[in-house]
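Here's the letter readout for the chains.
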Amino acid sequence: MQHVSPVREPLVTGGKTYHDVTQDVCRQVEAAPNIRWMAALSVALLLLGVFFYSVYRTLWYGIGEWGLNKTIGWAWDITNFVWWVGIGHAGTLISAVLLLFRQKWRTSINRAAEAMTIFAVICAAMFPVLHMGRPWLAYWVFPLQNTFGSLWVNFNSPLLWDVFAISTYFTVSLVFWYTGLVPDFATIRDRAKGPIAKVAYSMLSMGWKGSAKHWSRYETVSLILAGVSTPLVLSVHTIVSMDFATSVVPGWHTTIFPPYFVAGAIFSGFAMVLTLMLITRVVFKLEDYITIEHIALMNKIMMVTGSIVGVAYITEFFIAWYSQVEYESYAFINRATGPYWWAYAAMMTCNVITPQLVWFRKVRYSIPLTFILSIIVNIGMWFERFVIIVTSLHRDYLPSSWAMFSPTIIDVGIYVGTIGLFFTLFLLFAKFFPVINMAEVKAVLKYTVDNGPTYTGHDPHHAPKPATTHGVPASAPVNYDKHD
Amino acid sequence: MTKRFALGIFEDEDVLLHAVENVREAGVKIYEVFTPFPIHGIDDALGIERSRLPIAAFFFGLTGLAFALWMQIYMLGFDWPMIIGGKPHIALPAFIPVSFELTVLFCCHGMVITFYTISKLYPRWKTPVLDVRSTDDKFVMAIEVNENTDMTKLTQILRENGASEVNQKEMSKF
């Protein structure tokens, strides 16, 4: 039994039936690709071409193609790595943390958000692998003895922790996402007309039939996966932050980094979810599923995490002064007023000031403003990582080695290229996979409106009786004082 | 072996839930219920036991933890001890992140592989289903029947409990 709030807005609007949900979600999977999708894919593929060209230059001529120098050995690559991993975190937050908190509104956005997680992690993984210079030896990061001789990997190194964290995160997110997709693939399979579609979706659906026993196990698996994914997602960005925090570089050596990075990751991730969802709902006509309420709720999460990030920025400054460490103080004053002041200003404006506009209800419920705001946050979070990485490195203990960083066209090409890679994968997903979790949306469909169910079956002759379970009418809100 | 099924088709999950209880009370054995989404309370109504997958997941996680600790302690502590950053060879606090990640890795993959195996879910060329609408918007109650079954009575029981259709279907492999 479900408690139905008399004050909350419905989760799915438009008085949909179960069959409508199937129709609306399967529509773009079954239809021929439309011109807008083709146009978007062409742009994405063009950017993917830029990616391949930049990777070719990097591998053929070496890391010298990038703008790195002796002082700044980490710049755009790690900035982009952290940016992409952070974006991925919102997907896991929606699918795992909100599942544990029983937030039913997650059902219509979790599929696309999880897909975003997986594609973002793929993009993120490109950077450390390419920075190795010889990616064909990437397996050396695993615990294999060096050149299969004697020496093992160093388990004390945060960079190795990252290997374990990112690979665990990627594979776990992938199985979580796929297990959720199986029942929906079955729906598409049972509707499929063409011979290729029939075989393809039969393969993908793993013979799912929707038997009650399987659903029972499926729910157990989802719950456990959500339970372990929650600490996992927190651990991943904690470990990413330790790449910096365990060093002795002023500006990096701070204990605040793990929570600060996790909040920042969710902040940027929700911004990206909003950007993608605002486009997806219009292109695929899913406004009844991804409603304005969803957008407002995501805006709220964005504002909360953005404010946490803002507090973290201020705390860093306070501690830099309070610690009385002159190198630390200098690092922070240099950040704000040194040669990279513009990056710092961009970070502060985009991450701390503009998200506060979400306090206004009008902004929260405005689609164009939300879209602009989400793009601003994405930009701001990129600058945050750039500020942390480059401004901390460019002036360290020895003034004789102070330097500036300027990206080459290849740096830009790889970054823009991963955006192409991301959108290529996302567009293919949106065309061939159900972008909304049909099964879970159907399960919450009934309990979405003010006064019980809208759904009464298709056939008036066989309209369901007011069924009762344990003496409680199915349609009535449960009063927890009486029935528990 | 060919099996014959009587299929009660329901339009609503609450009607189905109620019907499951009544049909079982009437002494009819339900073969399986196929639904487009998970229905809360149907496990109890059908008498499906609580899944033991969480227990499996716990032990998979424990295996991962044990493996991770053994791996790190053996590699850095015994096989090739090195002093790194002035820390002891077996620097347990530094081993926490990898131990945690491998616990999660083993737990999730072990559980998911177990789930697919016990549910006999694997890629197939063709998937025969009793009613294709059961993955869309219909709730299908399947009851195995043979030539001795009183179909009129069974149909009546299903109809009385809110089934909108009662069909029969034969399946060669199910």
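Each chain has its residues counted from 1, running along the sequence as written. The naming scheme follows written order: chains are lettered A onward, ligands numbered 1 onward. The predicted nature of this model means local features are confined to residues of pLDDT at least 70 and side-chain atom pairs, given and counted, to a pLDDT of 80 or more, with totals for whole chains, interfaces and linings taken over all residues.

Per an unreviewed UniProt entry, chain B carries the name Quinol:cytochrome c oxidoreductase membrane protein and comes from Hymenobacter psychrophilus.

Named according to an unreviewed UniProt entry, chain A is Quinol:cytochrome c oxidoreductase quinone-binding subunit 1 originating from Hymenobacter psychrophilus. UniProt positions are given in the numbering used here, feature names are shortened, and annotations may be inferred rather than shown by experiment. Under the UniProt heading Sequence similarities (unreviewed entry), the entry covering chain A gives this text: "Belongs to the NrfD family."

Quick notes on the overall build of chain B
Strands here are runs of E lasting at least two residues and helices are runs of H or I lasting at least four, both read from the DSSP assignment and numbered beginning at the N terminus. A tally of helices and strands in chain B yields five helices and four strands. Its helices and strands in sequence order give chain B the pattern β-α-β-α-α-α-β-α-β, from N to C terminus. In terms of C-alpha radius of gyration, chain B reaches 25 Å, well past the compact-globule figure of 16 Å for 174 residues. In terms of principal-axis extent, the alpha carbons of chain B reach across some 85 × 30 × 25 Å. Residues classed as buried in chain B amount to 41% of the 174 residues present. Note that the radius of gyration is over C-alpha atoms, with the globule rule given as 2.2 Å times the number of residues to the power 0.38. Exposure criterion: with C-beta atoms placed from backbone coordinates, a residue whose C-beta has 20 or more other C-beta atoms within 10 Å is buried, one with 12 or fewer is exposed, and one in between is partly exposed.

Overview of the overall build of chain A
Along its length, chain A carries 15 helices and two strands. Expressed as a percentage of its 484 residues, the buried residues of chain A come to 47%. Two residues qualify as being in contact provided that their C-beta atoms, derived from the backbone, are within 7 Å of each other. Considering only residue pairs separated by 6 or more positions, chain A has 81% of its internal contacts joining residues 24 or more positions apart.

Considering helix H15 (residues 438-445) of chain A
All names here are of chain A. Counted residue by residue, H15 has seven buried out of eight residues, so it is predominantly covered. Of all the positions in H15, only Met438, Ala439, Glu440, Val441, Lys442, Ala443 and Leu445 are classed as buried. In this structure, the buried side of H15 is in contact with helix H1 (18-30) and helix H5 (158-191).

A look at helix H10 (residues 326-337) of chain A
Each residue after the first adds 1.5 Å to the expected span of a helix. Look at H10(A): 16 Å from first C-alpha to last across 12 residues, which is about the 16 Å you get at 1.5 Å a residue. Looking at the packing, one finds that the buried side of H10(A) touches helix H9 (292-322), helix H11 (341-353) and helix H13 (367-394) of chain A.

Describing the UniProt feature "transmembrane region" (unreviewed entry) in chain B
All names here are of chain B. Per the UniProt record, the feature "transmembrane region" (unreviewed entry) sits at residues 55-74 and 94-118. Secondary structure content for residues 55-74 is 100% helix and 0% strand, while the C-alpha to C-alpha distance between its ends is 28 Å. Split by type, residues 94-118 is 100% helix and 0% strand. Its first and last C-alpha atoms lie 37 Å apart.

Brief notes about the interface of chain A and chain B
How big an interface is tends to be expressed through the accessible area that disappears when the partners come together. Facing the 62 residues of chain A at the interface are 64 residues of chain B. Those elements that provide at least two residues to the side of chain A that touches chain B are H1, H5, helix H6 (195-204), helix H7 (212-245) and H15 of chain A. Considered class by class, the residues forming the side of chain A that touches chain B number 29 nonpolar, 23 polar and 10 charged. When residues are grouped by polarity, Ala, Val, Leu, Ile, Met, Phe, Trp, Tyr, Cys and Pro land in nonpolar, Asp, Glu, Lys and Arg in charged, and all others, Gly among them, in polar.

A word on the confidence of the model for chain A
All names here are of chain A. One confidence number per residue, pLDDT, is output by the predictor and ranges from 0 to 100. On average, residues of chain A carry a pLDDT of 86, and 89% of them reach 70 or more. Mean pLDDT values over the elements of chain A span from 39, in strand S1 (residues 468-469), up to 94, in helix H14 (residues 409-432). Every residue in residues 449-484 scores below 50 in pLDDT, and together they form 58 contacts with partners more than four places removed in sequence or on other chains.

A short note on unusual backbone geometry
A negative phi angle characterises most non-glycine residues, just as the trans form characterises most peptide bonds. One non-glycine residue with positive phi stands out, namely Lys285(A), at about 55 degrees. With respect to the element layout, Lys285(A) can be found in the loop between helix H8 (257-283) and H9.

Some remarks on the environment of Lys3(B)
Mapped onto the elements, Lys3(B) comes out in strand S1 (residues 3-10). Considered as a pair, Lys3(B) and Val145(B) are 142 residues apart in the sequence and their alpha carbons are 7.8 Å apart.

Points about the domain arrangement of chain B
An automatic or database domain assignment is the source of the domain bounds shown. For chain B, the assigned domains read domain 1 (3-50 + 130-171) and domain 2 (53-118). For domain 1 of chain B versus domain 2 of chain B, the separation of C-alpha centres amounts to 46 Å.

Some words on the pairing of strand S3 (residues 139-145) of chain B
Residue and element names in this part refer to chain B. Counting buried residues along S3, five of its seven residues qualify, which places the element largely inside the surrounding structure. Sheet topology places S1 next to S3; seven bridges connect them, and they run antiparallel. By the bridge assignment, Phe10 is partnered in S3 with Phe139. Two elements, strand S2 (residues 32-34) and S3, share three bridges in a ladder whose sense is antiparallel. Bridged to Val33 within S3 is Met141. Paired strands are those between which DSSP finds at least two bridges.

Let's talk about the sheet that holds strand S4 (residues 165-171) of chain B
Residue and element names in this part refer to chain B. The strand order across the open sheet formed by four strands is S2-S3-S1-S4, and the pairing between neighbours is antiparallel. With one partner strand each, in any of the chains shown, S2 and S4 form the two edges of the open sheet. Averaged over neighbouring strand pairs, the angle between their axes works out to 25 degrees when direction is ignored. Bridge count between S1 and S4: seven bridges; the pairing is antiparallel. Counterpart to Ala6 in the pairing with S4 is Gln168. Axes here refer to lines fitted to C-alpha atoms; in helices the fit is confined to the stretch in contact. Angles between the N-to-C directions go from 0 to 180 degrees. Lying over the sheet, helix H1 (residues 13-25) contacts S1, S2 and S3, oriented at roughly 30 degrees with respect to S3.

A look at the nonpolar core
Joined through C-beta atoms within 7 Å, a set of buried Ala, Val, Leu, Ile, Met, Phe, Trp, Tyr and Cys residues constitutes a nonpolar core. Formed by 181 residues in total, the largest nonpolar core has its most connected members in Met116(A), Phe270(A), Val273(A), Val20(B) and Met111(B). Inspection of this core shows a minimum of three residues originating in each of domain 1 (3-50 + 130-171) and domain 2 (53-118) of chain B. Once residues lying within four places of it in the same chain are set aside, the contact partners of Val273(A) are Ala90(A), Ile109(A), Ala113(A), Met116(A) and Met298(A).

Regarding the environment of Leu234(A)
Inspection of the secondary structure puts Leu234(A) in helix H7. Distance in space between the C-alpha atoms of Leu234(A) and Val311(A) is 19 Å, their sequence separation being 77 residues.

Considerations on the confidence of the model for chain B
Should the pLDDT be low somewhere, the predicted coordinates at that spot are not to be read in detail. The pLDDT averaged across chain B works out to 88; a share of 98% of its residues lies at or above 70. ipTM for the predicted complex: 0.92, alongside a pTM of 0.88.

A closer look at the environment of Met404(A)
All names here are of chain A. With respect to the helices and strands, Met404 occurs in the loop between H13 and H14. Along the sequence, Met404 and Gly306 sit 98 residues apart, while their C-alpha atoms lie 29 Å from each other. If sequence neighbours within four positions are ignored, Met404 has contacts with Pro339 and His394.

Concerning the packing of H8(A) against H13(A)
All names here are of chain A. It is the contact of H8 with H13, at a shortest axis distance of 8 Å, that shows an interaxial angle of 140 degrees. With respect to H13, the axis of H8 lies oblique. Handedness of the crossing formed by H8 with H13: left-handed. Between H8 and H13, the residues in contact are Gly264, Phe267, Ser268, Ala271, Met272, Leu274, Thr275 and Leu278 and Ile367, Thr370, Phe371, Ser374, Ile375, Val377, Asn378, Met381 and Glu384, respectively. Looking at the contact of H8 with H13 residue by residue, the classes come out as 10 nonpolar, six polar and one charged. By definition in this entry, angles of less than 35 degrees are roughly parallel, angles greater than 145 are roughly antiparallel, angles of 65 to 115 are roughly perpendicular, and the rest are oblique. For any helix crossing, the convention is left-handed if the near helix is rotated counterclockwise from the far helix by under a right angle, and right-handed if that rotation is clockwise.

Describing the packing of helix H2 (residues 35-61) of chain A against H14(A)
Residues and elements named next belong to chain A. Interaxial distance between H2 and H14 falls to 7 Å at its minimum, and their mutual angle equals 140 degrees. Here H2 lies oblique to H14, going by the angle between them. Remark: the crossing between H2 and H14 carries left-handed chirality. Taken together, the residues of the contact of H2 with H14 break down into 19 nonpolar, seven polar and two charged.

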